[in-house]
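Descriptive structure summary
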Amino acid sequence: MKQYLLLLSTVLFFANLSLRSETILFKSGEKIEGSVLAQDKDSVTIKLADGNTKVYPKTSIQKVLYGRKTDTAALKKEPQPSEKEKKLREEKEIAEKQKQEAEELKAKEEKLKKREEQLSNAKRHYIEGSLGVGSGENQMELRPFFQSIQIAGLLFGGGGAELQSTPYKTKNHSFTPRLFYVWNRFTIEIRGTEANGNFNVGGFQTISTGGGSGSSSGGEKYTNALFGNGDTKFQKLSTRIGFTPYPHPFFDFQFVAGVERIWTKSNHEVASLGGLTSTGNNPSRADFRDSTHSLKGYSVGIGYEWKFWDRFSLQGQILHLDMQGPSSFRSNEFGFETSPFKYRQFGLDYQWKSTGTEVNVKFSTKIKGDVSFFLEASNMVLKNKLGSGYISENEGGGGNSDPSQILVKVYAPQIFIPLLLDSKTILTYVQVGANYRFNF
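To keep things clear, this report deals only with the structure shown in the data block. Just so we're clear, the structure is a prediction, and the values are computed from it rather than from any experiment. (Residues numbered from 1 in each chain as written. Predicted model: local features only at pLDDT ≥ 70, side-chain atom pairs only at ≥ 80, totals over all residues. Heavy atoms only, no water.)

**Focus: the overall build of the chain**
Across its full length, the chain holds four helices and 16 strands. Residues classed as buried in the chain amount to 36% of the 440 residues present. Of the contacts made within the chain by residues no fewer than 6 positions apart, 71% connect residues no fewer than 24 positions apart. Of the roughly 25900 Å² that the chain leaves accessible, carbon and sulfur atoms contribute 59%. (Helix = DSSP H or I, 4+ residues; strand = E, 2+ residues; numbered from the N terminus. Buried < 20%, exposed > 50% of the residue type's maximum accessible area, 1.4 Å probe, protein only. Contact = heavy atoms within 4.5 Å. Areas by Shrake-Rupley, 256 points an atom, 1.4 Å probe, with all protein chains shown as cover.)

Have a look at this one:
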């Protein structure tokens, strides 16, 4: 009995081994059954159902399924596509690839064609002239500068001081002619602006006599009231060149650089009036003052033009200005303390370094043909840094010989001006005008 059971167990064991089988799935879709005999990192050795042994690279095998052999039909290979089907599949893949390439090429050609149309529409060759008139404000460097020197004189307790209640900024009436030449990506602009204004002078003047040579008033001190008026002229000339890196028919962006010149001039008459002193001295005076200031330098920045709704455009420039130049102030005073009068001269000559910004915005609309109207706003602010210079004085041919007072007059402005006043040159205006364009 025991021998019979041992024989039965052996038969079942080998029968079970014969039923075990592995299913190998290949990446190509093929499927076979067999037994894995051995494998390494690169290949697998498989004994097939027909008894043959083959070695397959692991790169061609997708997975191995372990299980029992249940049906002899499972030993059959999966049906493989015929050569005709393979050929049709390859042709279909090639056709889809060619279609995709054709679509990409078409999109690229359309993009190139669109860009060529943009370049064609962006081509331009014209010259445009314009004239605008308007009003605004301006501030010249020399008038507040002279005021600061007077304040410094008051603090130092010198011969006198003058304090004006007149605002430094002056209302003006301005006009701007402009010539604008455009050739495709390049532009040349020449524009000049002149602003004229006037102001009334008010305030008071303190006078101390007898502190230096040439004085004969007996050391009296008195205060006069100031009355007067003046006028200003502000002139600015700009020559700028622009370049468009990416031409576009509706939005033009430019790099701009140019040469800048500024001239300012102020003339005013001031009467300093006071009553007779106890000694019979007449402190009344009349001053005729002239100031000039010239700057030259360069500008760099960006410009743009946005065209919309066929007839409207918005242009603008944002510029950095770097300039320098001299200033001159001359005062001719006639005093009435002696008969018939006493004549005094006073002068300032300084060099300035000025940096700042200029912003222009111009809105235009076509009226008829090549004629358009515009509204333009401009704001320029320069901060002035005091450089080298000197003060000259001639009172009756003598002048002040006190060394301490000479040092104060020469160096005090450089020390106290930055403390007392942030010296600026300003030109702001809003103008309306007309453009006329001639296309070549």
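**Comments concerning the side chain of Asp 322**
By the element assignment, Asp 322 lies in strand β13 (residues 312-335). When neighbours within four sequence positions are excluded, Asp 322 is seen to be in contact with Lys 296, Gly 297, Tyr 298, Lys 353, Ser 354 and Thr 355.

**Side note on the packing of aromatic side chains**
Enumeration over the complete set of coordinates arrives at 13 aromatic pairs. Judged by centre distance (6.0 Å) and plane angle (80 degrees), the rings of Phe 288 and Phe 334 are edge-to-face. Taken together, the residues Phe 288 in strand β12 (residues 285-308) and Phe 334 in strand β13 connect sequence positions 46 residues apart. On the basis of relative accessible area, Phe 334 is assigned to the partly exposed category, the value being 25%. The interplanar angle of 15 degrees and the centroid separation of 5.8 Å between the aromatic rings of Phe 312 and Phe 363 together place this pair among those described as stacked. Of the two residues, Phe 312 sits in strand β13 while Phe 363 sits in strand β14 (residues 342-368), which places them 51 residues apart along the sequence. (Phe/Tyr/Trp six-rings, centres within 6.5 Å; stacked < 30°, edge-to-face > 60°.)

**Some thoughts on the pattern of salt bridges**
The full count for this structure, using the stated rule, is 16 salt bridges. Put simply, Glu 128 and Arg 178 hold a salt bridge, and the shortest N to O gap is 3.5 Å. You can see Glu 128 sitting in strand β6 (residues 125-139) and its partner Arg 178 sitting in strand β8 (residues 170-183), a full 50 residues away along the chain. Comparing Glu 128 with Arg 178, the two get one shared label, buried. (Salt bridge = Lys/Arg side-chain N within 4 Å of Asp/Glu carboxyl O.)

**Some remarks on a negative patch on the surface**
Taken together, the side chains of Glu 83, Glu 90, Glu 91, Glu 93 and Glu 96 define an acidic patch exposed on the protein surface. Residue position: Glu 91 is located in helix α2 (residues 83-122). (Patch = residues over 30% accessible without salt bridge, like charges linked within 9 Å, V, L, I, M, F, W, Y side chains within 5 Å. Lys, Arg positive; Asp, Glu negative; His and termini not counted. Charge placed at Lys NZ, Arg CZ, Asp CG, Glu CD.)

**Overview of the nonpolar core**
One finds Ala 195, Phe 234, Val 256, Ile 262, Leu 295, Leu 319, Leu 321, Met 323, Met 380, Leu 382, Leu 427 and Tyr 429 forming the largest nonpolar core, which totals twelve residues. A total of three residues in this core trace back to one element, the largest contributor, which is β13. Not counting the four nearest positions on each side in its chain, Ala 195 is found in contact with Asn 172, His 173, Ser 174, Thr 232, Lys 233, Phe 234 and Leu 427. (Core = buried A, V, L, I, M, F, W, Y, C linked by side-chain atoms within 4.5 Å.)

**Side note on the environment of Ser 165**
Mapped onto the fold, Ser 165 is located in the loop between β7 (160-164) and β8. Setting aside residues no more than four positions away along its own chain, Ser 165 makes contact with Gly 202 and Gly 203.

**Notes on the pairing of strand β9 (residues 186-208)**
Examined bridge by bridge, β8 and β9 share nine bridges and lie antiparallel to one another. Bridge pairing links Val 182 to Thr 187 in β9. Relative to strand β10 (residues 221-243), β9 is paired through 23 bridges, and the arrangement is antiparallel. Paired with Thr 206 across the bridge in β10 is Thr 223. (Pairing = 2+ DSSP bridges.)

**Let's talk about a nonpolar patch on the surface**
Together, Trp 183, Phe 186, Phe 243, Phe 255, Ile 302, Ile 318, Val 359 and Val 361 make up an exposed nonpolar region whose accessible area comes to about 700 Å². Along the chain, the position of Val 361 falls in strand β14. According to the relative accessible area criterion, Val 361 is partly exposed, its value standing at 35%.

**Things to note about the pairing of strand β11 (residues 251-273)**
As defined by bridge partners, β10 adjoins β11 across 19 bridges and the pair is classed as antiparallel. Looking across to β11, one finds that Asn 229 is bridged to Glu 269. Summarising the sheet, β11 and β12 pair through 22 bridges and their orientation is antiparallel. Looking across to β12, one finds that Gly 258 is bridged to Ser 299.

**Thoughts on the side chain of Gln 139**
Its place among the elements puts Gln 139 in strand β6. Separated by 3.2 Å, the side chain of Gln 139 and the backbone oxygen of Lys 424 make a polar contact. (Polar contact = N/O pair within 3.5 Å; in protein donor to acceptor, adjacent residues only side chain to side chain.)

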